[in-house]
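A look at the structure
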Amino acid sequence: QVQLVESGGGLVQAEGSLRLSCVASGSFFMVNDMAWYRQASGKQRELVTRITRGGTTNYADSVKGRFTISRDNAKNSVYLQMNSLKPEDTAVYYCNANVLPTRFSRSIGVWGQGTLVTVSS
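The shown structure was predicted, so the numbers you read here are calculated from the model rather than taken from an experiment. Residue positions within a chain follow its written sequence, with the count starting from 1. A pLDDT threshold of at least 70 governs which residues receive local features in this predicted model, and a stricter bar of 80 or more applies before side-chain atom pairs are shown or counted, although totals over entire chains, interfaces and linings include all residues. Remark: hydrogens and water are excluded; side-chain values derive from all non-hydrogen atoms of the structure.

Observations regarding the nonpolar core
As used here, the term nonpolar core means buried Ala, Val, Leu, Ile, Met, Phe, Trp, Tyr and Cys residues forming a set that is joined through side-chain atoms within 4.5 Å. Only protein chains enter the accessibility calculation, which uses a 1.4 Å probe; a residue whose area is less than 20% of its type maximum is buried, one above 50% is exposed, and one in between is partly exposed. Membership of the largest hydrophobic core comes to 28 residues, with the highest contact counts inside it found for Leu 20, Trp 36, Phe 67, Val 78, Leu 80, Met 82 and Tyr 93. Those elements giving two or more residues to this core turn out to be strand 1 (2-7), strand 3 (18-26), strand 4 (30-39), strand 5 (46-51), strand 7 (67-72), strand 8 (77-82), strand 9 (91-100) and strand 11 (115-120). Numbering goes from the N terminus for both helices and strands, where a helix is a DSSP run of H or I of at least four residues and a strand is a run of E of at least two. With five residues, strand 9 is the single largest residue contributor to this core.

Structure (structure tokens):
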């Protein structure tokens, strides 16, 4: 039993900033990779950024230099700091985590409910 609880979405002006949070809770052995995806209306869901348990990160070209992903392993949390927001960043943002339910089980993918980010022009 694993749940991802997201927060931080909202309405911001272009060039503004927003910080998203995601916390994994429930019964599990370990949280491995964590990531943020987004899906704009009428568009495919895309990977925004990913971070390993050790802190290695990757970013989509569209957000490099503007977004920063980080995590707190003690809190089983991942964060997304979004700066210099553009209208094209408007989307539902989803937290994703690769979770090891028990010591000897296979990892499973878990999704958050999604949080809406709207950037006005």
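Looking at the environment of Leu 80
As for its position among the elements, Leu 80 is in strand 8. Overall, the relative accessible area of 0% leaves Leu 80 in the buried class. C-alpha of Leu 80 to C-alpha of Gly 8: the two residues are 72 residues apart in sequence and 9.3 Å apart in space. Any two residues whose heavy atoms approach within 4.5 Å at even a single point are treated as in contact. Discounting chain neighbours no more than four positions away, the residues touching Leu 80 are Leu 18, Arg 19, Leu 20, Trp 36, Thr 49, Phe 67, Thr 68, Ile 69 and Tyr 93.

Some points on the pattern of salt bridges
If charged atoms from side chains of opposite charge come close, those side chains can pair. The term salt bridge refers to a pairing of a side-chain nitrogen on Lys or Arg with a carboxyl oxygen on Asp or Glu at a separation within 4 Å. Applying the stated criterion to the full structure yields four salt bridges. Close ionic contact of Asp 89 with Arg 38 constitutes a salt bridge, the shortest N to O distance being 2.9 Å. Here Asp 89, found in the loop between strand 8 and strand 9, pairs with Arg 38, found in strand 4; they are 51 residues apart in sequence, far enough to count as distant. The exposure classification of Asp 89 matches that of Arg 38, with both residues buried. The partner of Lys 64 in a salt bridge is Asp 61, and the shortest N-O contact between them spans 3.3 Å. No difference in accessibility class separates Lys 64 from Asp 61, as the two residues are exposed. Taken together, the shared-partner salt bridges connect Arg 38, Glu 46, Arg 66 and Asp 89 into one network.

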